[in-house]
Amino acid sequence: MKRKIFSVLTLAAVISLTFACKSDKKADTDNQTDSLAMVNEADSAGLFAKVDSAKVGSGAAIINVEHTRPVVLPIFSSETVNTGLAKFEPLRKELEAAIAANDETKISALSKSFTAWVMEASTYGEKLTKDENQIYIDTYSKMVLQWEKLMASK
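**Considering the pattern of salt bridges**
- Taken as a whole, this structure holds four salt bridges when the rule is applied.
- Glu89 serves as the salt-bridge partner of Arg92, at 2.4 Å between the closest nitrogen and oxygen. A residue pair is termed a helical-turn pair when its members lie 3 or 4 positions apart in one helix, as Arg92 and Glu89 do in helix H5 (residues 88-101) at three residues. The same class applies to Arg92 and to Glu89, which are both buried.
- You can call Arg92 buried: its relative accessible area is 2%.
- Salt bridges here are not isolated pairs; linked through shared partners, they connect Glu89, Arg92 and Glu96.

**Notes on the packing of aromatic side chains**
- Inspection of every chain in the model, using the stated rule, returns nine aromatic pairs.
- Ring plane angle 25° and centroid distance 5.8 Å describe the contact between Phe114 and Trp117, whose orientation is recorded as stacked. With Phe114 and Trp117 both in helix H6 (residues 104-121), this residue pair falls three residues apart, about one helical turn. Across this residue pair, the class does not change: Phe114 and Trp117 are buried.
- The structure contains a cluster of three or more aromatic residues connected by ring pairs, namely Phe76, Phe88, Phe114, Trp117, Tyr124, Tyr136, Tyr140 and Trp147.

**Focus on the nonpolar core**
- With 27 residues, the main nonpolar core has Leu85, Leu95, Trp117, Tyr136 and Trp147 as its most contacted residues.
- Mapped by element, the contributors of at least two residues to this core are helix H4 (79-86), H5, H6 and helix H7 (130-153).
- Here the element with the most residues in this core is H7; it accounts for nine residues.
- Among all residues touching Leu95, those that are not within four sequence positions of it are Ile107, Leu110, Trp147, Leu150 and Met151.

Reading the values: the criteria
Residues numbered from 1 in each chain as written. Predicted model: local features only at pLDDT ≥ 70, side-chain atom pairs only at ≥ 80, totals over all residues. Heavy atoms only, no water. Salt bridge = Lys/Arg side-chain N within 4 Å of Asp/Glu carboxyl O. Helix = DSSP H or I, 4+ residues; strand = E, 2+ residues; numbered from the N terminus. Buried < 20%, exposed > 50% of the residue type's maximum accessible area, 1.4 Å probe, protein only. Phe/Tyr/Trp six-rings, centres within 6.5 Å; stacked < 30°, edge-to-face > 60°. Core = buried A, V, L, I, M, F, W, Y, C linked by side-chain atoms within 4.5 Å. Contact = heavy atoms within 4.5 Å.

Okay, here's the thing in structure tokens:
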């Protein structure tokens, strides 16, 4: 089971990187760059925050992600990407509850849902600008790592 999940995650990462390279060709505009201005406050739910693309890319931030805290989501220019990434947090919370209840059936069902989410999320890179793409990849990587850490904790 773990090999299947790892294989799907690896495939999703390769697909994401492929689309990330394709989106390098998109034209940069001032409006899209301005949407990435640094904001010190998150939204009321604490899940979204605007980020400065110059401050992203620290590998330590990805490696040190905690599986018990929500990943703060940047606000991207594509509403499809914002909505799609927001689907992860409910899955993570359900997985935490299933692990706490030691419900293998629910964990298995959530793993399938996560795999479907990974396949969907792997297409988001093509919807973003060059500047947003690295932020997306970092955020996506944190989410996948968070899921893996949760699965390892069961």
